[in-house]
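Understanding the architecture of this molecule
Next come the chains, spelled out residue by residue.
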Amino acid sequence: MIKRNEQGILIVVSGPSGCGKSTVNKMLINSRKNIIMSVSDTTRAKRNGEINGVDYNYITKEEFEKNIESDKYLEYAKVHSNKYYGTPSDFVNKKLKEGIDVILEIDLEGARKVNEKRNDAVFIFIMPPSMEILKSRLINRKTETKEQVIERFKTAYKEINEVSKYNYVIVNDKIEDSVKRMSSIIDAEKSRVDRIEDIYLGNEEELIHEILMDI
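Figured I'd write up the structure that's included with this text. Predicted model, so just to flag it, every value in this text is computed and none were measured. Note that residues are indexed from 1 along each chain, following the sequence as it is written. In keeping with the model being predicted, local features are shown solely for residues with a pLDDT of at least 70 and side-chain atom pairs are shown and tallied solely at 80 or more, while totals for entire chains, interfaces and linings include all residues. Excluded from the side-chain calculation are hydrogens and water; included are all heavy atoms of the structure.

1. Quick word on unusual backbone geometry
- Although it is not a glycine, Asn-34 adopts a positive phi angle of roughly 55 degrees.
- Structurally, the position occupied by Asn-34 is in the loop between α1 (21-31) and β3 (35-37).
- Phi is positive for Asp-71, close to 55 degrees, though the residue is something other than glycine.
- By relative accessible area, Asp-71 is classed as exposed at 53%. Helix and strand labels come from DSSP, where a helix needs a run of H or I of at least four residues and a strand needs a run of E of at least two; each type is numbered from the N terminus. Buried means the residue's accessible area, taken with a 1.4 Å probe over protein chains only, is under 20% of the maximum for its type, while exposed means over 50%, and partly exposed covers the values in between.

As structure tokens, then:
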């Protein structure tokens, strides 16, 4: 008899800006059961249309720094005009214990911090088909200035060179294929031997005798 570990899987997803990781993650969540995006804490102001507890947990700088002192974050960073962003450990652990898979969409530094704290996470890197296509995607988004596009492109080049630190890489050419590949990775991870809690076959002689009785 095989007893499986029913705990959810922590999936860390990284990739350069413009690679399509957010779209892949959203489509994956819509196509599978028992899988969610982690909800991060942030000290930035809530934007129009955002919902507290869904998009982010909006807290004060003082609350965030108190949480840092209490080691309540799986990973955190101060970015974008000194605003904090962090992944609450309690939220992730609660969902995993409930058998729910949790996706963390974070940068390379955040992934490194998660890797230092957990040895059971699965690390997936989303790669653009080519740097030329990535450049086109960044330009076509029309959300950044020319200087910002250049900076993001340079950062992407550095990030892609870190891909060997991840367990899996997905080249995001066709979005539907990328979602299928990620789903297959999760299924494969759930079948790993080290995720099986126990295998009990009983006494060898008794088992063989019982099985062979009807022959």
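2. Structural notes on the sheet that holds strand β8 (residues 101-105)
- Taken together, five strands build an open sheet; the order of strands is β3-β8-β2-β9-β10 and the sheet is parallel. A single partner strand is all that each edge strand has here, and the edge strands are β3 and β10 (168-171). On average, each strand axis in the sheet is tilted by 25 degrees relative to the strand beside it, whichever way the strands run.
- A pair of strands counts as paired when DSSP detects no fewer than two bridges linking them. Here strand β9 (residues 122-127) pairs with β10 via four bridges, running parallel. Of the residues in β10, the one forming a bridge with Phe-125 is Val-169.
- Along the sheet, helix α7 (residues 175-190) contacts β2 (10-14), β3, β8, β9 and β10; its crossing angle with β10, the most-contacted strand, is approximately 160 degrees. Each axis is a line fitted through C-alpha atoms, taken for helices only over the stretch in contact, and angles between the N-to-C directions span 0 to 180 degrees. What makes two residues a contact is simply this: any of their non-hydrogen atoms within 4.5 Å.

3. Points about the packing of aromatic side chains
- Pairing of aromatic side chains requires ring centres within 6.5 Å, counting the rings of Phe and Tyr and the six-membered ring of Trp. Pairs whose planes differ by under 30 degrees are stacked, by over 60 edge-to-face, and all others tilted. Summed over all chains, the structure comprises eight aromatic pairs.
- Judged by centre distance (6.1 Å) and plane angle (65 degrees), the ring pair of Tyr-56 and Tyr-58 falls under edge-to-face.
- Classification of Tyr-56 as partly exposed rests on a relative accessible area of 23%.
- For Tyr-58, a relative accessible area of 18% corresponds to the buried category.
- For the ring pair Phe-64 and Tyr-76, a centre distance of 6.3 Å and an interplane angle of 70 degrees mean the geometry is edge-to-face. Taken together, the residues Phe-64 in helix α2 (residues 61-69) and Tyr-76 in strand β6 (residues 73-79) connect sequence positions twelve residues apart.
- Looking at Phe-64, the relative accessible area reads 0%, which means it is buried.
- Members of the aromatic cluster, each reached through a chain of ring pairs, are Phe-64, Tyr-73, Tyr-76 and Tyr-84.

4. Things to note about the pattern of salt bridges
- A pair is scored as a salt bridge if a Lys or Arg side-chain nitrogen falls within 4 Å of a carboxyl oxygen belonging to Asp or Glu. Tallied over the full model, the rule gives 13 salt bridges.
- Glu-98 is paired through a salt bridge with Lys-94; the nearest N and O atoms lie 2.7 Å apart.
- Classification of Glu-98 by relative accessible area gives partly exposed; the value is 44%.
- Put simply, Asp-194 and Arg-192 hold a salt bridge, and the shortest N to O gap is 2.5 Å.
- Each of the salt bridges in this network shares a partner with another, and the network as a whole consists of Lys-94, Lys-95 and Glu-98.

5. As for the packing of α1 against α7
- One way to put it is that α1 packs onto α7 with a least axis distance of 9 Å and a crossing angle of 60 degrees. What the angle tells us is that α1 and α7 run oblique. Our pair here, α1 against α7, has a crossing hand that is right-handed. Touching Thr-23, Val-24, Asn-25, Met-27, Leu-28 and Ser-31 of α1 are Ile-175, Glu-176, Ser-178, Val-179, Met-182, Ser-183 and Ile-186, all from α7.
- Amino acids are sorted into nonpolar (Ala, Val, Leu, Ile, Met, Phe, Trp, Tyr, Cys and Pro), charged (Asp, Glu, Lys and Arg) and polar (every other residue, Gly among them). Split into classes, the residues belonging to the contact of α1 with α7 amount to seven nonpolar, five polar and one charged. For this classification, under 35 degrees means roughly parallel, over 145 means roughly antiparallel, 65 to 115 means roughly perpendicular, and everything else is oblique. Crossing chirality is assigned from the near helix's rotation relative to the far helix, an anticlockwise turn below a right angle marking it left-handed and a clockwise turn marking it right-handed.

6. A short note on the packing of helix α5 (residues 131-141) against helix α6 (residues 146-160)
- With their axes 10 Å apart at the nearest point, α5 and α6 run at an angle of 145 degrees to one another. The chirality of how α5 crosses α6 is right-handed. Listed contacts from α6 to Met-131, Leu-134, Lys-135, Leu-138, Ile-139 and Arg-141 of α5 are Val-149, Arg-152, Phe-153, Ala-156, Tyr-157 and Ile-160.
- Residue composition of the contact of α5 with α6, by class: nine nonpolar, no polar and three charged.

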